[in-house]
Amino acid sequence: MEGSCRCQKCHSRSLAADDVTGNMVCVSCGVVQEFHNFQADFGGISGPKGTFVRIGTVGSGSFLNYKEKKIFHAQKLIENDMVRLGLSDEKTHEVKLLVEKITDGEYGEGMWFPIFVGACAYVVMRKDQNMLPIVEVADVVGCDAPELGRMVSRVIKFTGLKLPEFDIVDSFERAIKVCPSFNGISDDTVQRMLQQGVFLVQCLVKWFITTGRRPQPVVVAVLVLVAGLNEVDIKIEDLAAELHAAVSTCRRRYKELLESLVKVAQVLPWGKDVSVKNIQKNAPFVLQYMEKKSRATCDGEGQGTELVPWDLENLVGDCLSKDTRYGVENHASDDSVFRYFEEDKVLNPVSDHPDIYKFSSESLSMVYAKFLDEMSGVKTATEIDEKRAFKRRKSFNILECWDWWEGKSDLSKKLYLKQILERDVGLDTNPPSFDSGCLARQERIAKIEAAKERIRRTLNPSSVASSSDKPKNSKRRRNQIHTDVDWEDLIIETLLLHSVREEDIVDGQYSVLLDLHVFN
């Protein structure tokens, strides 16, 4: 009997413990007492056992504690993400060791842990010169690239590693091997595209188009161009989706690549006719010139367009010698046209002795009718040959009989930056950011002059009135275009009114100048 507690219904003190369930039961009324057998447990993870709940387990059917369960799920997450990224078992083991080192063997769980695993995978691959695109890792772990980049910076800072510089050539080689769009292509074509792509990528490095740019759109632009040169039908949208790049940025880089090739093509005899619209057809000639130019400068043979031999005589002779391939056929009717003239030239008895042969009118009419029939057949065959020749000229492609790519240039292989800059490919340009900065500087100079003119007109309205005394046509005045004044013009006017030097305004540091001269 338990005399210390009362029954919840009859309030009697006659309570007894049940032998099977352990619950307290009132002897008087038989009511089972609720929450009477609750036992408060104190301690750590492996604390004392309760009546029904065993503290420290992960649920029914499992005997792992909390830490073991966390490590198990963390390692499973690492293995799944590494499989999706295409990493080998050795690299996966390195990622696990790095995660274990940073977390002191505790691993982790939550929304931050997959991002942390992706950052460790990126650091491991980057350390061994295996360029794993950060956008691809961000897509696998389910975050954006800036967030993953911040986690990568924290991992590098904690471990004290010094990663090598990002190599866009390695990124291009990896892209052409892993893209599903190039799976059904022969190995020879892939190797040819790889050489051409490495050559173009290193030319873009020399032209500073890759400086300060994301590498994946540049890789997509080069892949689209070399695929078109090797008759591989692929769209830029599909490649952008496979390489996790923005389509608009890929189009912009592709346009910059074509514009650079157009500039190189100006040295060709027909270079003035080459534009962005037809550069795809002229690209083989341009690439051949660039390849021979780089080889000539590397061998020290000199510079100039005379280094590129255009052997058109052998090229045309080779094309015309392949009769059966390009549809050039010989017809017996071609010789029948000159048959009568040859006979008259060899045997000309009638002109010398007109009285030797005497023909009747019927015989002459039969001969003339036969001649007309043969000539009509010859004319028909000639027209057919002319139509066939027109079709051949219309569908003839000179690239089919001309192996324009040799792949002997050093730029077809991966070179150091110093070696790339020393090669001459027919074009030396400034970085696009430098050109845009010079253009913006010129625009700011023009805005400063316009602002000074507006201030002068405001301070001296009489001079403005005297200069506009001539009558103007009202119709022209209505159709006159007025230029709008934007926020930059207003800022420049404010700085000029506060006696700020024009040299400082041209630099474009408006916030600093406003803090120093206006708001201070």
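Summarised in this report is the structure supplied together with it.

The rules behind each value
- Residues numbered from 1 in each chain as written.
- Predicted model: local features only at pLDDT ≥ 70, side-chain atom pairs only at ≥ 80, totals over all residues.
- Heavy atoms only, no water.
- Helix = DSSP H or I, 4+ residues; strand = E, 2+ residues; numbered from the N terminus.
- Buried < 20%, exposed > 50% of the residue type's maximum accessible area, 1.4 Å probe, protein only.
- Contact = heavy atoms within 4.5 Å.
- Areas by Shrake-Rupley, 256 points an atom, 1.4 Å probe, with all protein chains shown as cover.
- Axes fitted to C-alpha atoms, helices over the stretch in contact; angles between N-to-C directions.
- Parallel < 35°, antiparallel > 145°, perpendicular 65-115°, else oblique.
- Left-handed = near helix turned anticlockwise from the far one by under 90°.
- Nonpolar A, V, L, I, M, F, W, Y, C, P; charged D, E, K, R; others polar.

**What about the overall build of the chain?**
At step 1: Secondary structure assignment for the chain yields 24 helices and two strands.
At step 2: The proportion of buried residues among the 520 residues of the chain is 34%.
At step 3: Intrachain contacts of the chain at a sequence separation of at least 6 include 63% that bridge at least 24 residues.
At step 4: Element-wise, carbon and sulfur atoms account for 53% of the exposed surface of the chain, whose accessible area totals about 33800 Å².

**Digging into the environment of G105**
At step 1: Structurally, the position occupied by G105 is in the loop between α2 (89–103) and α3 (112–127).
At step 2: On the basis of relative accessibility, which here comes to 18%, the residue G105 falls in the buried class.
At step 3: Taking C-alpha positions, G105 is 8.4 Å from I71, a pair spaced 34 residues apart along the chain.
At step 4: Leave out the neighbours within four places in its chain, and G105 touches K67, I71 and E100.

**Observations concerning the environment of L421**
At step 1: Summarising the element assignment, L421 is placed in helix α18 (residues 417–422).
At step 2: Take L421: its relative accessible area is 39%, and that puts it in the partly exposed class.

**Let's talk about unusual backbone geometry**
At step 1: Its identity as a non-glycine residue notwithstanding, E231 has a phi of 60 degrees, on the positive side.
At step 2: For E231, the location among the structural elements is in the loop between α8 (215–229) and α9 (236–242).
At step 3: Residue E231 is classed as exposed on the basis of its relative accessible area of 67%.

**Examining the packing of α2 against α3**
At step 1: One way to put it is that α2 packs onto α3 with a least axis distance of 9 Å and a crossing angle of 120 degrees. By the angle between their axes, α2 is oblique relative to α3. Regarding α2 and α3, the two cross each other, and that crossing is right-handed. On α3, the residues touching K91, E94, V95, L98, V99, I102 and T103 of α2 are F113, F116, V117, C120, A121, V123, V124 and M125.
At step 2: When grouped by side-chain class, the residues that make up the contact of α2 with α3 number 12 nonpolar, one polar and two charged.

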